[in-house]
Amino acid sequence: MSKSFAVLGSPISHSKSPIIHQAAYRVLGEDWNYSSFDIQKGGLKRFIDNDAVSHSGFSLTMPLKENAFHFANFADDLSHLTKASNTLVKQEDGWHAYNTDVFGIRQAISLNLSTTIRQALVIGSGATATSALVAISILAPDSRVSIFARNKKTRADLIALGISLGLSMSKARFLTRAIRLADLTISTLPGGSLDNAVSKLTKKKSLVPGGLLLDVAYHPWPSSLASLWISRSKPVVSGLEMLLWQAVSQIRIFKFGSPDQPLPNEIAVVEAMRVALEQ
């Protein structure tokens, strides 16, 4: 049965979601369409009520994840925990919201990090940073986590959430020191946001990051932060890895109504999605 899905957010022109979803649908043999719409903050409900009657579900990116959570009639546990959702699916009883970002971040880290996470650094304090913190609490519940963010209110909220999850939390006062100490650094900021700060860090020839960087931004790539890690011969994972795995979970929901039921021939589906990303 033909269905229509789309990714919503702003800016959206650089999104890779359409190509990886369509690649997955071909392997699955589903006659589904997936498109993109530029929807700014506050415009989600109007769009869905007026222009999206033919759609069965949506992927949500910045700045709509909090809007999606509040818009939905029902939400999964991770959405309630993070107060953010990146997936909406239309059911007979209303719109159901899910957070698959936590799964995407977990996969991106666990498949690329072999060492123990004792100290982690999260850069940013928005919706994706919240998902990153929850992912760390699952992967490394005994770790210490520092938050580097300019927004004092959202930073304080993030620290409070981490404490409620049982993590040892603190504010990162100095980015240089935090990067050195962290076994894992997750940057959740849009591409280009850290360019000025990283320009100063790059001049510090003695600065060597402590471990893996997951930069959720992937356009442009490599980001200035990723370039710093690469120049110091440290491991880097781009946001495309997170994007791929959160999409796998999302497609499970589109097909089965559950993020926990693997797709038929999921290994081949993931491979097709990877190939699509490389083209």
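Anything mentioned here points back to the structure above.
Structural notes, computed from the coordinates.

Turning our eyes to something else, we now look at the pairing of strand E6 (residues 94-98). E6 sits mainly inside the fold: 5 of its 5 residues count as buried. Looking at chain direction, strand E4 (residues 74-75) and E6 are connected through 2 bridges and run parallel. In the strand pairing of E6, Ala-75 is matched with Ala-97. Here strand E5 (residues 87-91) runs beside E6; their pairing, made up of 5 bridges, is antiparallel.

With 30 residues, the main nonpolar core has Ile-105, Ile-109, Val-145, Ile-147, Leu-184 and Ile-186 as its most contacted residues. Counting only elements with at least two residues in this core, the list comes to helix H5 (101-110), strand E7 (119-123), helix H6 (127-139), strand E8 (144-148), helix H7 (152-164), strand E10 (184-187) and strand E11 (212-215). Counting residues per element, this core draws most heavily on H6, which supplies 6 residues. If we skip the residues at most four places from it in the chain, Leu-184 touches Ile-109, Ile-117, Gln-119, Ala-120, Leu-121, Ile-136 and Leu-212.

Turning our attention to the packing of aromatic side chains. Counted according to the given criterion, the structure contains 10 aromatic pairs. Look at Phe-71 and Trp-95: their rings are 6.2 Å apart centre to centre, the planes differ by 55°, and that puts the pair in the tilted class. Of this pair, Phe-71 sits in helix H3 (residues 65-71) while Trp-95 sits in strand E6; the two residues are 24 residues apart in sequence, bridging distant segments of the chain. Both residues of the pair, Phe-71 and Trp-95, belong to the buried class. Through pairs of rings, three or more aromatic residues link up here, namely Phe-5, Tyr-25, Trp-32, Tyr-34 and Phe-254.

Cut-offs applied
Residues numbered from 1 in each chain as written. Predicted model: local features only at pLDDT ≥ 70, side-chain atom pairs only at ≥ 80, totals over all residues. Heavy atoms only, no water. Buried < 20%, exposed > 50% of the residue type's maximum accessible area, 1.4 Å probe, protein only. Helix = DSSP H or I, 4+ residues; strand = E, 2+ residues; numbered from the N terminus. Pairing = 2+ DSSP bridges. Core = buried A, V, L, I, M, F, W, Y, C linked by side-chain atoms within 4.5 Å. Contact = heavy atoms within 4.5 Å. Phe/Tyr/Trp six-rings, centres within 6.5 Å; stacked < 30°, edge-to-face > 60°.

Function-wise, these values are silent; they only describe arrangement.
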